[in-house]
Every structure is written in structure tokens, then in C-alpha cells.
Amino acid sequence: MNEINNNSPIGVFDSGVGGLTALKEIFRVLPDESTIYLGDTARVPYGIRSPETVTRYSFENAQFLASKGIKLLVVACNTASSVSLEAIRKSVSVPVIGVIEPGASEAVKSTRNKKIGVIGTEATIRSSAYKKAIEAIDGSVQVFGFSCPLFVPLVEEGWAEGEIAMMVAEKYLRKVKEKGVDTLVLGCTHYPLLKKVISEVMGSDIRLIDSAVETAKRTAETLKKDGLERKLKERPSREFYVTDSPERFVKVGERFLQQKIERIEKIEL
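Okay, so let's go over this structure. (Residues numbered from 1 in each chain as written. Predicted model: local features only at pLDDT ≥ 70, side-chain atom pairs only at ≥ 80, totals over all residues. Heavy atoms only, no water.)

### So, helix 8 (residues 163–178)
And then number 1: Under the 1.5 Å per step criterion, the end-to-end length of helix 8 is 22 Å for 16 residues, consistent within 8% with the ideal 22 Å.
And then number 2: The axis of helix 8 is deflected most strongly, by about 35°, at Tyr 172.
And then number 3: Taken as a whole, helix 8 has its buried residues at Ala 165, Met 166, Val 168, Ala 169, Tyr 172, Leu 173 and Val 176.
And then number 4: Lining the buried residues of helix 8 we find strand 5 (115–120), strand 6 (142–147), helix 7 (151–156), strand 7 (183–187) and helix 9 (195–202). (Helix = DSSP H or I, 4+ residues; strand = E, 2+ residues; numbered from the N terminus. Expected span 1.5 Å × (residues − 1). Bend = angle between axes of the 7 residues up to and from the residue. Buried < 20%, exposed > 50% of the residue type's maximum accessible area, 1.4 Å probe, protein only. Contact = heavy atoms within 4.5 Å.)

### So, the pairing of strand 1 (residues 10–14)
And then number 1: Counting buried positions along strand 1 gives five out of five residues, so the element sits mostly inside the fold.
And then number 2: Neither face of strand 1 is open: one carries Ile 10, Val 12 and Asp 14, the other Gly 11 and Phe 13, and all of them are buried.
And then number 3: Summarising the sheet, strand 1 and strand 2 (residues 35–39) pair through five bridges and their orientation is parallel. Residue pairing across strands places Val 12 opposite Tyr 37, the latter belonging to strand 2.
And then number 4: The parallel pair strand 1 and strand 2, bridged by helix 1 (residues 20–29), forms a crossover whose chirality is right-handed. (Pairing = 2+ DSSP bridges. Right-handed = clockwise from strand over helix to strand, strands pointing away.)

### So, helix 9
And then number 1: All of the buried residues along helix 9 are Val 197, Ile 198, Val 201 and Met 202. When helix 9 is viewed along its axis, its buried side chains cluster within an angular range of 125° and face the same direction. With respect to the buried face of helix 9, the exposed residues turned more than 90 degrees away are Lys 196 and Glu 200.
And then number 2: Packed against the buried residues of helix 9 are strand 5, helix 7, helix 8, strand 7 and strand 8 (207–210). (Arc of directions from axis to C-beta.)

### Brief notes about the sheet that holds strand 2
And then number 1: In spatial order, the strands read 4-3-1-2-9-10; together these six strands make up an open sheet with parallel pairing. Edge positions in the sheet fall to strand 4 (96–98) and strand 10 (263–266), since each of these pairs with one other strand and no more. Strand-to-strand twist in this sheet, taken as the mean axis angle between neighbours without regard to direction, amounts to 20°.
And then number 2: Here strand 2 pairs with strand 9 (residues 238–242) via five bridges, running parallel. Bridge pairing in strand 9 places Ile 36 opposite Glu 239. (Axes fitted to C-alpha atoms, helices over the stretch in contact; angles between N-to-C directions.)

### Points about the packing of helix 1 against helix 11 (residues 246–257)
And then number 1: Helix 11 packs onto helix 1 with a crossing angle of 45° between their chain directions and a minimal axis gap of 9 Å. The angle between the axes of helix 1 and helix 11 places the two elements in the oblique class. Between helix 1 and helix 11 lies a crossing of right-handed hand. Residues Leu 20, Thr 21, Leu 23, Lys 24 and Phe 27 of helix 1 form the contact with helix 11, whose own contacting residues are Phe 249, Gly 253, Phe 256 and Leu 257.
And then number 2: Here the residues of the contact of helix 1 with helix 11 are counted per class, giving six nonpolar, two polar and one charged. (Parallel < 35°, antiparallel > 145°, perpendicular 65-115°, else oblique. Left-handed = near helix turned anticlockwise from the far one by under 90°. Nonpolar A, V, L, I, M, F, W, Y, C, P; charged D, E, K, R; others polar.)

### Re the side chain of Asn 61
And then number 1: Note on placement: Asn 61 falls in helix 2 (residues 51–67).
And then number 2: Judged by relative accessible area, Asn 61 falls into the buried class, the value being 0%.

### Some words on the pairing of strand 10
Successive residues of a regular strand alternate their side chains across the two faces of the sheet.
And then number 1: The pairing of strand 9 with strand 10 spans four bridges and is classified as parallel. Within strand 10, the position partnered with Tyr 241 by the bridge is Glu 265.
And then number 2: Running through helix 11, the crossover from strand 9 to the neighbouring parallel element strand 10 is right-handed.

### What to know about the pattern of salt bridges
For side chains bearing opposite charge, pairing can occur when the charged atoms are close.
And then number 1: For the coordinates displayed, the defined rule picks out 19 salt bridges.
And then number 2: A salt bridge links Lys 71 to Glu 33; the shortest N-O distance between them is 2.7 Å. Taken together, the residues span a long stretch of sequence, with Lys 71 in the loop between helix 2 and strand 3 (72–75) and Glu 33 in the loop between helix 1 and strand 2 at a distance of 38 residues. Here Lys 71 matches Glu 33 in class, with each residue buried.
And then number 3: Residue Arg 218 pairs with Glu 101 through a salt bridge whose shortest N-O separation is 2.5 Å. Here the residue Arg 218 occupies a position in helix 10 (residues 211–225), and Glu 101 occupies one in helix 4 (residues 100–110), the gap between them amounting to 117 residues. (Salt bridge = Lys/Arg side-chain N within 4 Å of Asp/Glu carboxyl O.)

Taken by themselves, the reported measurements are silent on function.
What follows is the structure in C-alpha cells.
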């Protein structure tokens, strides 16, 4: 077990590549921090698993990252955040940040007509995690959740723009628009890559809440509050681990991050 201090890395995990949108924002907001990313690519997707299975997988991911001596853990997976965040918090001795509460908090600040839409995987929507988080902040807000299962494969195939993405988005988002929401939470870490298409379908007057952006902001705030900001001036390290073949992860992941992935290793959990 590595000793934890200011110069220890931030740990980030997701079921696959989606959490890289949160990692990209962490790079932007905290460029001097070292990071370790774990993509559980052998067991992706989490969105179709039972809560018990997701919790078990999340626990194993958290334990692996804790063994690397991280100083803070980001659960960059909406499904894991929605069903297993409290269990993860009990299993590690470092601050744990999920992607739901930061997005919910920003959505409540943003809405003017108190109608908020949430789009995500079936598991995230079924858990009502965003609805509960938003209502805990402001009980007068109406929350409408819709699952958009085809968005993830579209993004991973590199079809985040163009005719097919537009057709799928129009079909999914028609129901959201009918509810008259003025704020829409992108409740899956893949969805920021579809932001352009979603914005086009929803209209420019609808505010899109990117949980990846809000999670990175919350990470920076927590490091500052807890006095855990990195002190070293040399270049931070960027490590990546996957549980299945690294080749596809690198190919899709570099598109997500818009930079090279150099240090990657396959592990068994």
C-alpha cells in the first residue's frame, strides 16, 4: 500500500471509456494532478446489471485504485454512482465523488421553470438517483427521466455526429421536449460527446448540464478544502488500466480525451 499524501494521484473508474469525459475535464481543471484511470472493459456495460452486481464490481474497482495509494476517488460512472456510492465510501478511506450529485446541484441552480429532464442508461434512470438528488435540494422541482440506450454504442462507434445520431436523438428526445423542460442533465458520461446533436434537437434555449464538467469542479473544490492539492512541480503521471484488451480502449479513448494514451496495462480484478 502506497502512503497517501498531497502528491498521490487521483483515482477515477468507470465500466469502460465513458468516464474519460470526466477525466478530460479533470485534466483541464487540475492540469498539475497525477491520475490513475481504471476502465472495467471486461464487464462493461454496467447499465444492464443488477444493483448487487454493480456494487460488487464497483467495490473491486475501488479496492484496486485504493491499493495504488490514491488520495481521492472519482466514480466516473453514472450507474455505479446511482446504486453503489455509499457502499464505496464505506470501503475506502479517501474522499469519494460521484457524478450524480454535482450534476443535480448544477441543474437546480440552472432551471427557471422548475422542470428538469434527465437522460441516461436504463439502470441510472430506473434507480431515480438524479430525481432523488434533485428533489433533496429542491422538492418543488419536477424531474423527468428517460433512458437512451443507443447513445452509448453510437458514441463508441464514432457516430456522435451526422444523420444517424440526429435520427436517434430526435426519437429519444421528442418525449423530453414534450415535458417542457428548460434544463437537461446528460446523465451518462458518454453523452457529452453527443452534446452538439442533443443541443440541436432540444434547441438553444435548453441548458445542458454536463455531469463530467461539474464532477471535475467538485473534485477541485474537495482537494482545496481538504488541503490535498499537489505540491510537486514536475510533470504529473497519467496511468491507465483496463480489464480487457487495451487496443479498442486506446482507439476509442484517444477520441474521448483528444490526446495520446501512453501508459496502459491490462489487469485482473
